[in-house]
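# Understanding the architecture of this molecule
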Amino acid sequence: MSFGQFVSGQNRERLINLKGYWKFSIGDDMDWSKPDYNDRNWESIKVPSSWEDQGYNGYDGYAWYRKHFSVSSSYSGKDFRLNLGQIDDVDQVFFNGHLIGSSGIFPPNYSSAYYEWRSYYLSEKFVNFNGDNVIAVRVYDSQQLGGITRGDIGLFEGDNSLKVDLDLTG
């Protein structure tokens, strides 16, 4: 089960490259989704890459990623796509504390979505233009490689043709 996903439109303009180092912690605490959570003491690992390739060999379970970045006000008036590539196995994605998408089903009714490409719609109303923005990704891995493993990670221009009469985001 997933929501907020979008498969086509792979040729969109990348606005912000989000590949590189993200904050990372094993464990599970929903407070970690909050934009003002202090993650300064978390480890940094490279995205995209499995966490097993970065010192967490054999770890299966819950972990969180967090990324801070700025969005220029020149992008105001746009909607966005947040591309996170492939995540092994299950994810929930929060942008400035707002749940914007998920793929798979967390335990106890676990269902993997490791093969799905994550691309979530992001309304501009959640973006802090010229200020701090925080992506928090909750991940569950059941076996083998885990984490944000591959793909073109970034913030892309959205598809304004998908505007709807009633906005149900958030």
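In what follows, the structure referred to is the one given above.
Structure report, in brief. Throughout, a residue's number is its position along its own chain's written sequence, starting from 1. Reporting of local features is limited, given that this is a predicted model, to residues whose pLDDT is at least 70; pairs of side-chain atoms are given and counted only at 80 or more, and all residues count toward the totals for whole chains, interfaces and linings. To get the side-chain values, take all heavy atoms of the structure and skip hydrogens and water.

### Observations concerning the overall build of the protein
Broken down by element type, the protein carries zero helices and 12 strands. A run of H or I in DSSP becomes a helix once it reaches four residues, and a run of E becomes a strand once it reaches two; helices and strands are each numbered from the N terminus. Helices (α) and strands (β) of the protein occur, in sequence order from the N terminus, as β-β-β-β-β-β-β-β-β-β-β-β. Think of it in three bands: residues with accessible area under 20% of the maximum for their type are buried, residues over 50% are exposed, and the middle band is partly exposed, with areas taken using a 1.4 Å probe on protein chains only. Among the 170 residues that make up the protein, the fraction classed as buried is 47%. Residue contacts are counted whenever heavy atoms from the two residues lie within 4.5 Å of one another. Residue pairs in contact within the protein that sit at least 24 positions apart in sequence constitute 82% of those at least 6 positions apart. Each accessible area value is a Shrake-Rupley result obtained with a 1.4 Å probe; residue values ignore everything except the protein chains displayed when judging cover. Roughly 8,500 Å² of accessible area belongs to the protein as shown, and the carbon and sulfur atoms make up 46% of that amount.

### Describing the packing of aromatic side chains
Any pair of Phe, Tyr and Trp rings, taking the six-membered ring for Trp, is counted once the centres come within 6.5 Å. Such a pair is stacked with planes under 30 degrees apart, edge-to-face with planes over 60 apart, and tilted for the rest. Scanning the entire structure with this criterion turns up 15 aromatic pairs. A ring pair is formed by Trp-22 and Tyr-65, whose centres lie 6.4 Å apart and whose planes are at 85 degrees; its orientation type is edge-to-face. Separated by 43 residues along the polypeptide, Trp-22 in strand β3 (residues 20-26) and Tyr-65 in strand β5 (residues 61-70) bring together distant segments of the chain. Across this residue pair, the class does not change: Trp-22 and Tyr-65 are buried. Ring centres of Phe-24 and Tyr-65 lie 5.1 Å apart, and the angle between their planes is 65 degrees; this geometry places the pair in the edge-to-face category. In this pair, Phe-24 sits in strand β3 while Tyr-65 sits in strand β5, placing the two residues 41 residues apart along the sequence. For the pair Phe-24 and Tyr-65, a shared accessibility class is recorded, and that class is buried.

### Details of the environment of Leu-84
One can find Leu-84 in strand β6 (residues 80-88). Sequence-wise, Leu-84 and Lys-19 are 65 residues apart; in three dimensions their C-alpha atoms are separated by 9.3 Å. Leave out the neighbours within four places in its chain, and Leu-84 touches Trp-22, Val-93, Arg-118, Val-137, Ile-148, Arg-150 and Ile-153.

### Looking at the side chain of Asp-91
Tracing the backbone shows Asp-91 in strand β7 (residues 90-95). Side chain to side chain, Asp-91 and Tyr-120 meet in a polar contact 2.8 Å long. Sequence-distant contacts of Asp-91, defined by excluding residues within four places in its chain, comprise Gly-101, Ser-102, Ser-103, Phe-106, Arg-118, Tyr-120, Val-137 and Arg-138. Here a polar contact is taken to be a pair of N or O atoms separated by no more than 3.5 Å, where protein atoms must pair a possible hydrogen donor with a possible acceptor and residues adjacent in sequence count only if both atoms sit in side chains.

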